[in-house]
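Structure assessment
Listed here are the chains, written in short residue letters.
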Amino acid sequence: MVEGEASCFYHPQKKAVRPCDSCGRFLCALCDCELQGEHFCPGCLETGSKKGKIKSLEKERMRYDKIALSLAVVSMPLFFLAIISAPLAIYFAIRSFRVPSSIVGSTKVRSLIALVLAGALLAGWGLWVLFLVKNSNG
Amino acid sequence: MADREYTRLTWARRNPKPALLSTASSSLWLGKDHLLVIEFNGYTEKYRRFYFKDIQALIICKTKTGLIRAIILGALGLFFGLLAVALRDEPVALYFMGGMALLLVVSAVADALYGPTALCSLRTAVQTEELPSLKRIRRAREVLEVLKPLLTAAQGTLSPEEVAAQVQTRPAPAEPATHTPPAAVGEIPPRILP
């Protein structure tokens, strides 16, 4: 190291060649990890991989829209289970609007269908309960 | 509308590996600088990327699965057709058996029209990955045609002379281990005594 030169954050005895594009820490040639034109430090690379911040390192995604639709469709013939599965389907459908869907892109049609089906099932349940209450009173 | 990052190369096909009744499926997508294999297990998508610079080969092996399937479907169709003829006096049985026969024969013909089946895998320096979504030779060749210019752009090309030079400079395979010569007559090999 020559006096006045910036040093690597992880190896203070080594000369920094560039900053991390994510956290800005100075990196030596050894710590500089290039990924599709961007440069990351090992820490940011690991964090990005775990939290899915770096798209090209993303390994898996939960498909909430498909879970919601499956739950809603399965609930149709199993009407008595729908009191549990329909709210779950609604929960997953709403969640799917908030989180990114497939990495290759997808529409929100599944979530919308799940919402409609689960809503209809819950409405059916409500009507059935009303019918029971009305009959018991009458 | 923004350009999509990935282009679909194959539709999701059931992955036969995990189990016979598994819902796991696999599809193949073309990215900017890589191929993306998506494996879906019913609730999670798993992504595997194969960068163009790393791909060494797309191996296409013709299989007889399609032919066997077409023969079985055709035979079943014939069986139901014969049953329909035999039970032609019963309208319900005639329509049911006839319908089944028609369905099976149409499936067999459609299967045959799609062309021969194949088992495809992608080879890199460190792995050979099966591509369950590529099941037909015709589709595999189409994918290969799409990939060729991209792989060439990423890896460059070799002239025939360079290929010949590469083959010549490759080290010769190691000689197979030779057996130790049998002991000469009268020469007793050493033995470990208890």
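All figures in this text were calculated on a predicted structure; none of them were measured in a lab.

1. Thoughts on the overall build of chain B
When its secondary structure is counted, chain B shows four helices and eight strands. Counting from the amino terminus, helix and strand elements in chain B follow one another as β-β-β-β-β-β-α-α-β-β-α-α. Looking at chain B residue by residue over its 194 residues, the buried ones come to 29%. Partitioning the intrachain contacts of chain B with sequence separation of at least 6 by distance along the chain shows that 50% fall at a separation of at least 24.

2. Side note on the interface of chain A and chain B
At the junction of the two partners, chain A supplies 17 residues and chain B supplies 16 residues. Each partner contributes to the roughly 1,400 Å² buried at the junction of chain A and chain B, and carbon and sulfur atoms together form 50% of this total. One salt bridge connects B:Glu45 with A:Arg63, and the closest N-O pair in it is separated by 2.6 Å. Run the count over chain A and chain B and you get seven residue pairs in polar contact (both at pLDDT 80 or more). Elements supplying a minimum of two residues to the side of chain A that touches chain B: β5 (60-62) and α2 (64-75) of chain A. It is β5(A) that provides the largest number of residues to the side of chain A that touches chain B, a total of three residues. Broken down by class, the residue content of the side of chain A that touches chain B amounts to five nonpolar, five polar and seven charged. Here three bridges tie β5(A) to strand β5 (residues 44-51) of chain B, and the two strands are oriented antiparallel to one another.

3. Regarding the domain arrangement of chain A
Each assigned domain of chain A is listed here: domain 1 (1-59) and domain 2 (64-137). Put simply, the middle of domain 1 of chain A and the middle of domain 2 of chain A, counted by C-alpha atoms, are 45 Å apart.

4. Section: the environment of A:Arg18
Residues and elements named next belong to chain A. Considering the arrangement of structural elements, one finds Arg 18 in strand β1 (residues 18-19). Given a relative accessible area of 30%, Arg 18 falls into the partly exposed group. Considered as a pair, Arg 18 and Cys 8 are ten residues apart in the sequence and their alpha carbons are 8.8 Å apart. Dropping the residues within four chain positions of it, Arg 18 is found in contact with Arg 25, Phe 26, Leu 27, Asp 32 and His 39. Engagement of the side chain of Arg 18 in a polar contact is seen with the side chain of His 39, the distance being 3.5 Å.

5. Regarding the sheet that holds strand β6 (residues 55-63) of chain B
All names here are of chain B. Overall, antiparallel pairing links the three strands, which are arranged β6-β7-β8 in an open sheet. Since the sheet does not close on itself, it has two edges, and those belong to β6 and β8 (128-130), each with one partner. Put simply, the sheet's adjacent strands are angled 25° from each other on average, direction ignored. By the bridge criterion, three bridges tie strand β7 (residues 117-124) to β8 in an arrangement that is antiparallel. Looking across to β8, one finds that Arg 123 is bridged to Thr 128. Lying over the sheet, helix α3 (residues 137-155) contacts β6 and β7, oriented at roughly 170° with respect to β6.

6. Here's the deal with the packing of aromatic side chains
One pass over the structure, following the stated rule, counts eight aromatic pairs over all chains. Their ring planes at 85° and their centres at 5.1 Å tell us that A:Phe9 and A:Tyr10 sit as a pair that is edge-to-face. Members of the aromatic cluster, connected to one another through ring pairs, are A:Phe79, A:Phe80, A:Trp125 and A:Trp128. We note A:Arg25 situated over the ring of A:Phe9; from NZ or CZ to the ring centre the distance is 4.2 Å. Above the plane of the ring of B:Phe40 lies A:Lys66, whose end atom (NZ or CZ) is 4.1 Å from the centre.

7. Let's talk about the layout of surface pockets
Put simply, the second largest pocket is a space of about 300 Å³. Forming the walls of the second largest pocket are 18 residues, and the residues nearest its centre are A:Arg63, A:Lys66, A:Arg110, B:Arg8 and B:Glu45. Residue assignment for the lining of the second largest pocket shows that the elements contributing at least two residues are α4 (109-137) of chain A together with β3 (25-30) and β4 (34-40) of chain B. Ranked by residues supplied to the lining of the second largest pocket, first place goes to β3(B) with three residues. The residue makeup of the lining of the second largest pocket, split by class, is seven nonpolar, six polar and five charged.

8. What to know about the pairing of β4(B)
Residues and elements named next belong to chain B. Across the seven residues of β4, six count as buried, placing the element largely inside the fold. In terms of strand pairing, β3 meets β4 through six bridges, oriented antiparallel. Across the sheet, residue Ser 25 finds its bridge partner in β4, namely Phe 40. Between the antiparallel neighbours β3 and β4 lie three residues.

9. Some details on the state of the cysteines
All names here are of chain A. Counted according to the given criterion, the structure contains zero disulfides over all chains. Cys 8 provides the cysteine sulfur closest to Cys 28, a residue in no disulfide bond, and the two sulfurs are 3.6 Å apart. The exposure class assigned to Cys 28 is buried, which follows from its relative accessible area of 1%. Here Cys 31 stays free of any disulfide, with the sulfur of Cys 28 as its closest cysteine sulfur at 3.7 Å. Accessibility expressed as a relative area gives 4% for Cys 31, which makes it buried.

Rules used in this analysis
- Residues numbered from 1 in each chain as written.
- Chains lettered and ligands numbered in written order.
- Predicted model: local features only at pLDDT ≥ 70, side-chain atom pairs only at ≥ 80, totals over all residues.
- Heavy atoms only, no water.
- Helix = DSSP H or I, 4+ residues; strand = E, 2+ residues; numbered from the N terminus.
- Buried < 20%, exposed > 50% of the residue type's maximum accessible area, 1.4 Å probe, protein only.
- Contact = heavy atoms within 4.5 Å.
- Buried area = accessible area lost by both parts, 1.4 Å probe.
- Salt bridge = Lys/Arg side-chain N within 4 Å of Asp/Glu carboxyl O.
- Polar contact = N/O pair within 3.5 Å; in protein donor to acceptor, adjacent residues only side chain to side chain.
- Nonpolar A, V, L, I, M, F, W, Y, C, P; charged D, E, K, R; others polar.
- Pairing = 2+ DSSP bridges.
- Domains from an automatic or database assignment.
- Axes fitted to C-alpha atoms, helices over the stretch in contact; angles between N-to-C directions.
- Phe/Tyr/Trp six-rings, centres within 6.5 Å; stacked < 30°, edge-to-face > 60°.
- Lys NZ or Arg CZ within 6 Å of the ring centre and 35° of its normal.
- 1 Å grid on protein atoms, 1.4 Å probe; cavity = no way out; pocket = protein on both sides within 12 Å on 5 of 7 lines; lining within 4 Å.
- Points joined across faces, edges and corners; volume = space filled by probe spheres on them.
- Disulfide = S-S within 2.5 Å.

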